[in-house]
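Tertiary structure, described
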Amino acid sequence: DEAVGAPPGTSGAAGGAGGMAAPPGDLPQALDVGATVGPPPTGAATVAVAPSSTAPSSALPQPRPTQAVPVPKGQPVSLVTPPAAQSLTLSPVDPGAGQTAVPPPAPVDPAGLGGVPSSTVAGASSLAPGTGASPISVPAAVGQAVQRPAGGSGRSERGPARAAATVCPPGRGLLMELIMPIGAEAPAASPPPDMVVQRVHLALNNVSMSNLEQKVSETRTMLSVEHLAWFGSYLVTKRISTQANFHQLYLAFVLKMETPELMMSILASVFHNVAILLSSPKITTSTSDRSLLKNLGSWLGQMTLARNKPILQRNLDMKELLCQGYETGRLIAVTPFVAKILEGGKDTRVFRPPNPWIMGLMGVMHELYDLDDLKMNIRFEIEVLCKHLGLKIDDVPKHGVLVHRLQPRKEKNPDFNVRAPASSGPAVDAAGGAAAGGAGAAPSAAAVASGTQSGASSAAGTPAVS
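1. Quick notes on the overall build of the protein
- The helix and strand tally for the protein stands at twelve helices and four strands.
- Partitioning the intrachain contacts of the protein with sequence separation of at least 6 by distance along the chain shows that 74% fall at a separation of at least 24.
- Only carbon and sulfur atoms are counted for the fraction: they give 59% of the accessible area of the protein, which is about 28900 Å².

Here it is, written out as structure tokens:
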């Protein structure tokens, strides 16, 4: 009032201010949030808000003076508890409004996992007007501890969990569509005239390392391109599969021919005959069939791995072959076949340890080697292979491949030496006791008879013979 020149006690209306002093009996417009309004009892304490000592500017409205709010004596002042921390839900920006509207927060889920509320956070999916926000739900597994089996390595298993291993059904053979995915069809062969056939037979009967060049040139002039498939099939069925000692000679002969069509026809014939032998039900009982299969494996290893040429999985999956041989009781034929193939890479720079493909197959071999009651001839084939590759069987890592395969039936299985179940102890003891009792009964009867005879002799006055 002194600043604007008004006398003391006036409202300052001459200065043009719109603020008037409130009469003493009026209540204020805004009360303190935390104050509790009630009738003032006798001797109640009061909370007073002092008016500003200086007058406001004439351009601004003056606030109304606030009166004292009575608070009952002895009653505590209730304070409004601030709301709990909540996650905000942001709405998309409205271009017309010019500001972001923040709606009231969603209720908090007290049963959140790991202290994380299971609320929904909605973000602006697009800045275009009128486009709503797409909610992003927080997964329920957030903050939840991952349950791992006791004693596990903590690694996640690849693929779905496998069921418990079951026994392979009896009489099941090898599934050749898994072992040889693209099949093994015999190449179409047209034989040459009989005179040419006899001359080819004569040339191969007399071939040696000394006259190799001469016999190769003679054979090349006798055979045309359409007869190469027949010649490859003849080499595989009549020479290679039965004469393992001449594999090096025949391989040198084929390489000297320098005919790619002949090489392809020989490989096709080898895969075709391997499929026939593996599918034969007599492969576990016929020694001659297993010998043919073993010779073909040796030739295949020398023709491919020894020359740094791979055997494609679509042509022959050897790991699957070993696993199915384990399931169906054909390890007696499969193991020597695969061992002879891998033996072909013993002198190469590619297909020898630590080649991953070789070590994977050797890991399966190690698992087979550690099987209980496995026959010694199968273990011997694995040991010979390790010696050729410069490995120790205990140094080869195992990967648990056979654990997830069907278990074989060991009864009447040519791969295992099933021990005869020992008879129970009480039965043996009872039998022994019966035998002993029988043996002891005869002397007792003889003693009784001897005593009877002795008594009779004594009665007759004759000395008894003890």
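2. Considerations on the packing of helix α4 (residues 228-240) against helix α5 (residues 247-257)
- Across the interface, α4 lies against α5 with an axial gap of 12 Å and an inter-helix angle of 170 degrees. Judged by the inter-axis angle, α4 sits roughly antiparallel to α5. Along its contact with α4, which presents Phe231, Leu235, Arg239 and Ile240, the element α5 presents His247, Tyr250, Phe253 and Val254.
- Taken together, the residues of the contact of α4 with α5 sort by class into six nonpolar, one polar and one charged.

3. Quick notes on the side chain of serine 286
- For serine 286, the location among the structural elements is in the loop between α6 (260-279) and α7 (287-303).
- A polar contact of 3.0 Å, which involves the side chain of serine 286, links it to the side chain of serine 288.

4. Digging into the pattern of salt bridges
- Tallying each qualifying case throughout the model produces eight salt bridges.
- Glutamate 320 is the partner of arginine 405 in a salt bridge, and the nearest nitrogen-oxygen pair spans 3.0 Å. You can see arginine 405 sitting in the loop between α11 (376-389) and α12 (425-460) and its partner glutamate 320 sitting in helix α8 (residues 318-328), a full 85 residues away along the chain.
- Glutamate 343 is paired through a salt bridge with lysine 340; the nearest N and O atoms lie 3.5 Å apart. A residue pair is termed a helical-turn pair when its members lie 3 or 4 positions apart in one helix, as glutamate 343 and lysine 340 do in helix α9 (residues 331-343) at three residues.
- On the basis of relative accessible area, lysine 340 is assigned to the partly exposed category, the value being 25%.

5. Overview of the packing of aromatic side chains
- Taken as a whole and judged by the stated rule, the model has five aromatic pairs.
- When the centroid spacing of 5.7 Å and the interplanar angle of 10 degrees are considered together, the rings of tryptophan 230 and tyrosine 234 count as stacked. Note that tryptophan 230 and tyrosine 234 are positioned in helix α4 at a spacing of four residues, about one turn of the helix. Take tryptophan 230 and tyrosine 234: they sit in the same class, and that class is buried.
- Look at phenylalanine 246 and tyrosine 250: their rings are 6.3 Å apart centre to centre, the planes differ by 45 degrees, and that puts the pair in the tilted class.

Calculation rules
- Residues numbered from 1 in each chain as written.
- Predicted model: local features only at pLDDT ≥ 70, side-chain atom pairs only at ≥ 80, totals over all residues.
- Heavy atoms only, no water.
- Helix = DSSP H or I, 4+ residues; strand = E, 2+ residues; numbered from the N terminus.
- Contact = heavy atoms within 4.5 Å.
- Areas by Shrake-Rupley, 256 points an atom, 1.4 Å probe, with all protein chains shown as cover.
- Axes fitted to C-alpha atoms, helices over the stretch in contact; angles between N-to-C directions.
- Parallel < 35°, antiparallel > 145°, perpendicular 65-115°, else oblique.
- Nonpolar A, V, L, I, M, F, W, Y, C, P; charged D, E, K, R; others polar.
- Polar contact = N/O pair within 3.5 Å; in protein donor to acceptor, adjacent residues only side chain to side chain.
- Salt bridge = Lys/Arg side-chain N within 4 Å of Asp/Glu carboxyl O.
- Buried < 20%, exposed > 50% of the residue type's maximum accessible area, 1.4 Å probe, protein only.
- Phe/Tyr/Trp six-rings, centres within 6.5 Å; stacked < 30°, edge-to-face > 60°.

Coordinates in, geometry out; function isn't part of it.
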